[in-house]
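# Close look at the chain arrangement
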Amino acid sequence: MPEQRIILLSPSRYSKYSLTVGELLHRKGCTICGIIITRLFNPRRFIFEYRWDSKRLFMKIWKKLILKDQDTISGTVGIYAYIKQHGIQYKRLEDFANKIESDVLYCQNYNTHTVHEFIVKKQPDIIVFTGGGLIRQPLLDISGKGVVNCHSGILPEYKGMDVVEWPILEGKKGMNGFTVHLMDRGIDTGPILKIKYLPLTDGETTIHYRERMLPVMAETLADTTVKYLNGKIVPKEQDINYRKQYYIMHHKLKKKLTHKY
Amino acid sequence: MSLELLKTFLVANRKELIKLPLAPFGGLGIVLGSDYELGFDIHLPANEIPEVKFRSINADLIIYLRYLVQTNNKGEDVDTWAETLLRYAEIRKVLPKRLIYPGCASYKCAAQLLVAFFLEYYAARSDLRFLNITLKMNDVSNNKRKMRLHIDENVANLFIARNALLETYFMERI
């Protein structure tokens, strides 16, 4: 098998999800030739994310930076527990990059000239996206076999935001899961590589479910990326008839979810 | 605000409300009973639904779309417009209201005209995304808390009461 060169895109140097995906890809024999990290303290990013998340952004900051995003379910199934169980000992992505002798680039957002030059120089076979903003067409054009992303909803039915909550509210609990897909110009509209259904267990809340889902997502993303690179998975175009886009759920509707678990 | 209070208010001010050009009682039959379902005594545009374009959005269009939804029109055009308006309302936030404002009594009123359409579309199609946007739009303008229940207040407040009634009714039934 020829050496597979991968660039990892991460929303933060502390992202445990990015770290897990990177480590798993490394263990599968891929070469992480570069890691691009978006800066946390960046006014433009703040404005962009505030437009996207509105008041929920403050909750995110509180949870991720102040509470350090620890698993809340007694550390048995979340990403922190997974990291411990699999001996991933790095605190930050830079530590991981040093270990595997990979270059790290910090950026304000992914669609800058610096990022473009970095990717052209590295000539990756594929880019793995683990969060951190939108990606524009020029970057998609130089991404080799594409940019792979793992969306936390089932595509093409559940595009957009809060796609863990929406199926529950609509009474379709069986439609919970995630999708690994290639990114394109639209939001969650790219060709599908793998769909994994992961139903909620009885009485499980969405917070618990998201924690449980994260390590499974990281494993599936790494696994699917390698299989796609080896030609074992063929991307499948999405049905264009599904035009529904979901947006952030209002807190009053979220309260109604408690009756549906 | 309780459902009963809103009902009483709307029924008491019915004579004033039906004079409004925005068909405030259209779609309210579901809550108030068929006696109060006065339908659309308004001038509907003669043309067909315009092509889905941002510039085509105006008060007449929204009223016409409401009429089509309430008369159980299953046309694809209505669904496409509903999806487009939802996207504009979610992402561009204030722009659709700004566009339909010239046909309405006030800017607040323009917002409530959109809310009315989304609520009626939700009633017809049971698509929860449309109830979601009405909750958000009412949060943004913070209308309900500022509202004073007096008939001399502007048209928007009456319309807000009407939408609040429907919204509360639907929220209780999820």
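In this report, we go over the structure that sits alongside the text. Predicted, not measured: the structure shown is a model, and the values here were computed from it. (Residues numbered from 1 in each chain as written. Chains lettered and ligands numbered in written order. Predicted model: local features only at pLDDT ≥ 70, side-chain atom pairs only at ≥ 80, totals over all residues. Heavy atoms only, no water.)

Evaluated as defined, the whole model comprises 11 aromatic pairs over all chains. Considering the side-chain rings of Tyr64(B) and Tyr67(B), the 6.3 Å spacing of their centres and the 10 degrees angle between planes classify their relative orientation as stacked. Of this pair, Tyr64(B) and Tyr67(B) both sit in helix α4 (residues 59–70), 3 residues apart, which is roughly one turn of that helix. Ring geometry for Tyr122(B) and Phe170(B): centres 5.1 Å apart, planes at 80 degrees, overall edge-to-face. Linking Tyr122(B) in helix α7 (residues 107–125) with Phe170(B) in helix α10 (residues 155–171), this pair joins segments that are 48 residues apart in sequence. Under the relative-accessibility criterion, Tyr122(B) is labelled buried at 12%. Members of the aromatic cluster, connected to one another through ring pairs, are Phe117(B), Phe118(B), Tyr121(B) and Phe130(B). Across the ring face of Tyr228(A), the terminal group of Lys145(A) is positioned such that the distance to the ring centre comes to 5.8 Å. Above the face of the Tyr88(B) ring, Arg87(B) is positioned so that its terminal group lies 5.8 Å from the ring centre. (Phe/Tyr/Trp six-rings, centres within 6.5 Å; stacked < 30°, edge-to-face > 60°. Helix = DSSP H or I, 4+ residues; strand = E, 2+ residues; numbered from the N terminus. Buried < 20%, exposed > 50% of the residue type's maximum accessible area, 1.4 Å probe, protein only. Lys NZ or Arg CZ within 6 Å of the ring centre and 35° of its normal.)

The strands that make up a sheet pair up through hydrogen bonds in the backbone, lying either parallel or antiparallel. Residues and elements named next belong to chain A. The 7 strands are arranged β3-β2-β1-β4-β5-β7-β8 in an open sheet whose pairing can be described as mixed. Edge positions in the open sheet fall to β3 (103–107) and β8 (192–197), since each of these has one partner strand only. Adjacent strand axes in the sheet meet at a mean angle of 20 degrees, parallel and antiparallel pairs treated alike. Pairing analysis gives 5 bridges linking strand β2 (residues 31–38) to β3, with the strands arranged parallel. Note on β3: the bridge partner recorded for isoleucine 37 is tyrosine 106. Across the sheet, helix α5 (residues 93–100) lies against β1 (5–10), β2 and β3, angled at about 160 degrees from β2, the strand it touches most. (Pairing = 2+ DSSP bridges. Axes fitted to C-alpha atoms, helices over the stretch in contact; angles between N-to-C directions. Contact = heavy atoms within 4.5 Å.)

Residue and element names in this part refer to chain B. At a minimum axis separation of 11 Å, α4 and helix α5 (residues 76–92) run at an interaxial angle of 130 degrees. As far as their axial angle goes, α5 and α4 are oblique. In this structure, α4 crosses over α5, and the sense of that crossing is left-handed. For the pair α4 and α5, contact is made by Leu61, Ile62, Leu65, Leu68 and Val69 and by Val78, Trp81 and Leu85, respectively. Tallied by class, residues from the contact of α4 with α5 come to 8 nonpolar, no polar and no charged. (Parallel < 35°, antiparallel > 145°, perpendicular 65-115°, else oblique. Left-handed = near helix turned anticlockwise from the far one by under 90°. Nonpolar A, V, L, I, M, F, W, Y, C, P; charged D, E, K, R; others polar.)

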